[in-house]
Structure formats: C-alpha cells, structure tokens
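Observations on the three-dimensional arrangement
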Amino acid sequence: MSIAQTTRRGEVSIRDLSKSFAINGRALNVLKGLNLDVEPGECLVIVGASGSGKTTLLRVLAGLEQADGGRVLIDGAPVNGVGAERAVIFQEPRLLPWLTVLGNVAFGLEVRGAPRAEAEERARGYIRLVGLGDFADAYPRQLSGGMAQRVGIARALTVQPEILLLDEPLGALDAMTKIAMQEELARIWREENVTMIVVTHDLEEAIYLADRVLILPKEKGGTPRLIDIDLPRPRDRSEARFVRHREALLREFGLH
C-alpha cells in the first residue's frame with residue numbers, strides 16, 4: 001500500500017501579508033502587501049538576498065511568527081499558529097541524540113498519541129522511502145550530514161503533512177551530497193504528492209526543484225516576482241533551457 005497522500009489538499013493563499021521588526025526603535029518592513037497562491041502539490045521555491053524576508057515568510061506560513069497584517073489560508077482556513085497539516089524541515093535536522101533513527105522518526109507520531117507499534121511501523125516505511133532502511137537502529141552520531149537530513153525529512157513525512165516547509169534544508173551539506181539530496185527531495189515530493197515550499201540561496205537548486213520560483217526583492221517596497229520553471233522532470237542541469245533559467249535568475253541578482 002502506498003504511503004503517499006491520496007487527496008489533493010495543501011492549497012496556500014497569502015493575502016496582503018505584511019511583517020515588520022523593530023530595529024533600533026524603527027520599524028523595518030520585511031514583507032509588505034504580499035499576495036500569492038500556491039496550488040496543492042506544487043513546489044514553490046523562495047529566493048532573495050539576505051534580509052529580503054525568505055525565512056520570515058516561511059515562519060509565518062508555519063505559524064511560528066505572527067504577521068502584522070493580512071492573512072494566510074490553508075485549504076481556506078486561516079493560519080493561527082502551528083498545525084498538523086504543516087511540517088517544517090530546518091537546515092539542521094535537530095535529531096534527538098539518545099534516540100535511534102527509528103526512534104527519531106517515530107517520535108512525532110508517539111507525541112500525538114499513536115501506539116508505539118503503529119508509530120514504528122509507519123516510521124519504518126518512511127525510513128525506507130529516504131533510503132535508510134539499513135540504518136533504523138543507528139544513532140545520530142553514527143550518521144553523515146546527508147543521512148541525518150534524510151532522517152529529518154522522514155520524521156516530517158511520517159506525520160503525513162499536506163505541506164512541507166523547508167528552510168535551507170541542504171545549506172550545510174557539501175556540494176556532492178547537496179546534489180544527491182536535491183534529487184532525493186524531488187523524488188520524495190513526486191511520490192508523496194505534498195505541497196512543498198522551499199527557501200534557498202542556491203539558484204541552481206531552485207531551478208532543479210521548483211514549479212515556480214518566488215523572488216523577494218531586497219529593496220523594501222519592491223515587487224516580488226514569480227518565474228515559471230517549465231522544464232520536464234527529472235531535470236538535466238546541463239540542458240540548454242535549464243542553463244537559460246539559471247542565467248535569468250543570476251541576472252535578477254545582478255550576477256550575470
């Protein structure tokens with residue numbers, strides 16, 4: 001039996017969203033009047049210069065930050081805090097060192113009241129999904145960085161969210177591991193049929209993963225831009241259209 005979701009939920013609607021922070025007694029607008037719709041099952045990647053509001057936007061979507069104005073709707077319902085339909089994956093997997101891979105992945109289900117046997121059975125399925133079936137009894141100290149991040153992804157998927165929110169999930173990995181993990185993320189997204197919203201500084205990663213790329217402006221009051229990435233999957237990084245998309249994003253940031 002497939003462990004992928006069978007329904008197409010996970011629609012995100014952002015309406016007139018604003019968020020500011022007080023810096024030295026002054027209000028710094030990070031997000032202002034943002035409007036955006038994300039379709040169920042879409043992969044949206046958010047890019048922008050440091051300070052453009054990427055992580056702030058993700059934290060508002062996760063319910064970890066409260067917006068100053070506007071609203072976020074998930075499947076038509078307003079976001080008023082964290083929710084079981086959303087799971088967050090951070091740059092650091094934040095595994096519990098005293099638990100095995102199986103224990104870490106099953107932890108979220110057990111906290112929600114699932115019987116241990118049921119939680120572990122489902123956890124084993126997701127551990128296999130991320131390619132760590134032989135490491136269920138290993139401890140975090142015995143894992144590489146890429147393996148630890150796979151555990152974090154499995155842990156998030158085990159609670160079967162509609163929406164995965166990923167904040168620089170591969171930023172701490174070496175170049176070769178990062179490429180392999182980008183391929184894994186793309187595969188898991190296809191198989192699990194979830195909405196995925198990813199923050200990254202890596203423009204090639206954005207093109208490899210995204211259906212659309214949201215570019216947040218560094219200039220406060222600037223207009224965000226959406227770019228469609230109309231490339232077949234799996235994607236070939238050397239293919240001419242992929243290269244053109246990469247060059248276009250580089251130009252957006254004055255790097256080409």
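Residues numbered from 1 in each chain as written. Predicted model: local features only at pLDDT ≥ 70, side-chain atom pairs only at ≥ 80, totals over all residues. Heavy atoms only, no water.

As for the sheet that holds strand 8 (residues 195–199)
Strand pairs in the sheet, formed through backbone hydrogen bonds, run parallel or antiparallel to each other. Taken together, the six strands give an open sheet; going across it, the order is 6-7-8-3-9-10, and neighbouring strands pair in mixed fashion. On the outer flanks of this sheet lie strand 6 (86–89) and strand 10 (225–228), each paired with one strand and no other. Here the strands of the sheet are splayed against their neighbours by 20° on average, with no regard to which way each runs. Across four bridges, the pairing between strand 6 and strand 7 (residues 163–167) is parallel. By the bridge assignment for strand 7, Arg86 is matched with Ile163. The strands that helix 7 (residues 240–252) touches are strand 9 (212–216) and strand 10; relative to strand 10, the one it contacts most, it runs at about 170°. (Pairing = 2+ DSSP bridges. Helix = DSSP H or I, 4+ residues; strand = E, 2+ residues; numbered from the N terminus. Axes fitted to C-alpha atoms, helices over the stretch in contact; angles between N-to-C directions. Contact = heavy atoms within 4.5 Å.)

Regarding the confidence of the model for the chain
This prediction gives the chain a mean pLDDT of 91; 96% of its residues lie at or above 70. Confidence drops under pLDDT 50 across residues 1–7; counting only partners more than four residues distant or on other chains, this segment forms 14 contacts. (pLDDT = per-residue confidence, 0-100.)

Description of the pattern of salt bridges
Inspection of the entire model under this criterion finds 17 salt bridges. Across the salt bridge formed by Arg15 and Asp37, the nearest N and O atoms sit 2.9 Å from each other. Separated by 22 residues along the polypeptide, Arg15 in strand 1 (residues 12–23) and Asp37 in strand 2 (residues 26–38) bring together distant segments of the chain. For Arg15, a relative accessible area of 32% puts it in the partly exposed group. Residue classification places Asp37 among the partly exposed positions, given a relative accessible area of 33%. Close ionic contact of Arg59 with Glu65 constitutes a salt bridge, the shortest N to O distance being 3.4 Å. In this structure Arg59 comes out as partly exposed when scored by relative accessible area, which is 29%. (Salt bridge = Lys/Arg side-chain N within 4 Å of Asp/Glu carboxyl O. Buried < 20%, exposed > 50% of the residue type's maximum accessible area, 1.4 Å probe, protein only.)

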